[in-house]
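# Descriptive structure summary
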Amino acid sequence: MGKRYPEKKPGVRTLAKATGLSVATISRVLNKSQSVTGETRDRVLKAMQEIGYTPNASARALATKRTRTIGAVVPTLAHSIFARFLNAVEQELALNGYGLVIATTGHDLQVEEQRARELLDLGAEGLIFSGADHTDGLFKWLKTTGIPAVCTSVSQGRAGLPAIGYNNTNIGLTSVRYLLSLGHRHISVIHGPKDTNDRTRMRLAGVQSAGIGKDAKIEFFETSLDVEGGSRAAQDILKTRAQPSAIFCLSDILALGVLFEAGRQNIAIPEQLSLMGCDDLDWSAHSAPPLTTLKLPTARMGQEAARSLVDFLEHARTIKTIELGASVLERQSTAHFRKK
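Since we're looking at a predicted model, the values are computed, not measured.

## Here's the deal with the overall build of the protein chain
- Scanning the protein chain from N- to C-terminus turns up 12 helices and 12 strands.
- What you see for the protein chain is a C-alpha radius of gyration of 26 Å, clearly larger than the 20 Å of a compact globule of 340 residues, by over 25%.
- Over its C-alpha atoms, taken along the principal directions, the protein chain stretches across nearly 90 × 55 × 35 Å.
- Counting only residues that meet the buried cut, the protein chain has 48% of its 340 residues in that class.
- For the protein chain, the accessible area works out to roughly 17,700 Å², and carbon and sulfur atoms hold 50% of it.
- Charge-centre separation for the protein chain: the mean point of 42 positive side chains lies 5 Å from the mean point of 33 negative side chains.

## Quick look at the nonpolar core
- By size, the foremost hydrophobic cluster in this structure holds 44 residues, and its most contacted members are Leu93, Ile128, Val176, Ile187, Val189 and Phe248.
- What valine 176 contacts, discounting residues up to four positions off in sequence, is Ile187, Val207, Ala210, Ile218 and Phe248.
- Ranked by size, the runner-up nonpolar core spans 19 residues in total, among them Leu259, Ala262, Ile267 and Leu273.

## Details of the side chain of arginine 199
- Relative to the helices and strands, arginine 199 resides in helix α9 (residues 198–211).
- If we skip the residues at most four places from it in the chain, arginine 199 touches Pro75, Ser130, Gly131, Ser153, Val154 and Asn168.

## Concerning the sheet that holds strand β8 (residues 246–249)
- Strand order in the open sheet formed by 6 strands is β7-β6-β8-β9-β10-β12, and the pairing between neighbours is mixed. A strand with exactly one partner marks an edge of an open sheet, and here the two such strands are β7 (217–222) and β12 (327–329). Shown here is a sheet whose adjacent strand axes are inclined to one another by a mean of 20 degrees, direction ignored.
- Bridge count between strand β6 (residues 186–191) and β8: 4 bridges; the pairing is parallel. Of the residues in β8, the one forming a bridge with isoleucine 187 is alanine 246.

## Considering helix α6 (residues 109–121)
- Taking 1.5 Å per residue, 13 residues should reach 18 Å; α6 reaches 19 Å between its end C-alpha atoms and fits that length.
- Of the positions making up α6, those classed as buried are Glu112, Glu113, Ala116 and Leu119. All buried residues of α6 fall inside an arc of 125 degrees around its axis, so they share one side. With respect to the buried face of α6, the exposed residues turned more than 90 degrees away are Gln110 and Asp121.
- Those residues of α6 hidden inside the fold are in contact with β1 (69–74), β2 (99–104), β3 (126–130) and α7 (136–145).

## Some details on the pairing of β3
- Counting buried positions over the 5 residues of β3 gives 5, a clear majority of the element.
- The side-chain alternation of β3 yields two buried faces, one formed by Gly126, Ile128 and Ser130 and the other by Leu127 and Phe129.
- Inspection of the sheet shows β1 paired to β3 by 4 bridges, in the parallel sense. Looking across to β3, one finds that alanine 72 is bridged to isoleucine 128.
- Across 4 bridges, β3 lies against strand β4 (residues 149–152) in parallel orientation. The partner of isoleucine 128 across the bridge, within β4, is valine 150.
- A crossover links β3 with its parallel partner β4, the connecting element being α7, and its sense is right-handed.

## A short note on the sheet that holds β3
- The sheet built from 6 strands is open, its strands ordered β2-β1-β3-β4-β5-β11 with parallel pairing. If you trace the sheet from one side to the other, it starts and ends with β2 and β11 (322–324), each paired once. Across the sheet, the mean angle separating the axes of adjacent strands is 15 degrees when strand polarity is ignored.
- Along the sheet, α6 makes contact with β1, β2 and β3, crossing β1 at roughly 170 degrees.
- On the sheet, helix α12 (residues 298–315) packs against β1, β3, β4, β5 (163–166) and β11 and is oriented at approximately 170 degrees with respect to β5.

## Brief notes about the side chain of glutamate 125
- In this fold, glutamate 125 is placed in the loop between α6 and β3.
- Residue classification places glutamate 125 among the buried residues on the basis of a relative accessible area of 14%.
- Here arginine 68 takes part through its backbone nitrogen, which lies 2.5 Å from a polar atom of the side chain of glutamate 125.
- Setting aside residues no more than four positions away along its own chain, glutamate 125 makes contact with Arg66, Thr67, Arg68, Thr69, Ile70, Ile147, Pro148 and Leu313.

## Considerations on unusual backbone geometry
- Of note, the amide linkage connecting isoleucine 269 to proline 270 takes the cis form, showing an omega dihedral of 10 degrees.
- Of note in the backbone geometry, alanine 159 takes a positive phi value of approximately 55 degrees without being a glycine.
- Locating alanine 159 in the fold gives a position in the loop between β4 and β5.
- In this structure, aspartate 280 takes a positive phi of about 60 degrees despite not being glycine.
- Within the element layout of this structure, aspartate 280 appears in the loop between β9 (274–279) and β10 (292–295).

## Topic: the confidence of the model for the protein chain
- Averaged over the protein chain, the pLDDT score is 90; the fraction of residues at 70 or greater is 92%.
- Here helix α4 (residues 57–64) stands out as the least confident element of the protein chain, with mean pLDDT 54; β8 is the most confident, with 98.

Criteria and cut-off values
Every chain begins its residue count from 1, and numbering advances along the sequence as written. Totals for whole chains, interfaces and linings use all residues, but because this is a predicted model, local features are given only for residues with pLDDT of at least 70 and pairs of side-chain atoms are given and counted only at 80 or more. With hydrogens and water stripped out, all remaining heavy atoms of the structure feed into the side-chain values. Put simply, DSSP H or I for four residues or longer makes a helix, DSSP E for two residues or longer makes a strand, and each gets a number counted from the N terminus. Computation of the radius of gyration draws on C-alpha atoms alone. For the globule rule, the value is 2.2 Å times the number of residues to the power 0.38. Residue exposure (1.4 Å probe, protein chains only): buried if accessible area is under 20% of the type maximum, exposed if over 50%, otherwise partly exposed. Surface accessibility follows the Shrake-Rupley procedure with a 1.4 Å probe radius. Residue values consider only the protein chains on display as shielding. For the charge count, each Lys or Arg is scored as positive and each Asp or Glu as negative, with His and the chain ends excluded. One atom stands in for each charge, and that atom is NZ of Lys, CZ of Arg, CG of Asp or CD of Glu. To form a nonpolar core, buried Ala, Val, Leu, Ile, Met, Phe, Trp, Tyr and Cys residues must be joined to one another through side-chain atoms within 4.5 Å. In what follows, a contact means two residues having at least one pair of non-hydrogen atoms within 4.5 Å. By definition, two strands form a pair when at least two bridges between them are found by DSSP. Note on definitions: angles span 0 to 180 degrees between N-to-C directions of axes, and those axes are lines fitted to C-alpha atoms, for helices only across the stretch in contact. By this rule, a helix spans an expected 1.5 Å times one less than how many residues it contains. Picture the helix axis, draw a direction to every C-beta atom, and the arc is the one those directions span. Handedness of a crossover: with both strands directed away from the viewer, a clockwise path from the first strand across the helix to the second marks it as right-handed. Contacts described as polar in this section are N or O atom pairs within 3.5 Å, which, within protein, must combine one atom able to donate a hydrogen with one able to accept it, while residues neighboring in sequence count only if both atoms come from side chains. Each residue gets a pLDDT score, which is the predictor's confidence in that residue and runs from 0 to 100.

Have a look at this one:
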């Protein structure tokens, strides 16, 4: 029995033969040229169905010099908040016939600049970044290339870049004001590294301003941005003589570490210690007790970022800065202060 070869898929020439049209006309139809009449377009589409023709994406990209791809440069994929954000970006892009490529930086701005250049080499037509802090080299490169880009997780960009995100100073301010409204005056704040994260620095500035003139004692504990880091910081806080009545974590991930450590030390939350997070991750409503947190519109941020870039590329619409609101979700991990 002879060797069998897979059947060759019908190409543009086959489609031209089936319709009696030229290859050039077929190409204009596939590329959605405005010069093609409706009758001709219908004729080609009908033939495509009959012979089972499907356009080759690579060939179409070469012909149109378009890849319909957006690049996202994020610090890490290890945290679920980035997964939620990127999932929303990808879904919105897919609705508009675009794809997503992702690169991570490990919180290194020099690496971020290199990854951005690599994504452009791969054909990215637009770029999404986290935060407003970037190297001067990246800002100059973006201006030189003219590639559309947007900053996320912040409400103000820099060097002319639009931003889609939330006011991080208000996040810190709103969270601590909530704890103050419950009567807490000794609050410990746990946060990740601030030198490499402008969002953290902004939130801390909001925390500090919230305590001004409130006769409040606010202490800060920097740690790694993970569950272990939250647990270590809780150990340091709980071994002091003058323990706080409330802990505010700038991420739910850190708050989870505090929950675990409080459990190990038999400290009841919120009866003995109120605990508040920030992000509203998927598990936050199901922890024991459910975590009071600041809900960030992460998914909507992803949708808006993707939609803005598509609108720019498809309709030349200016990418505008969009500030999204954040709100306190009061659950069972916080309570009114009761003097011991």
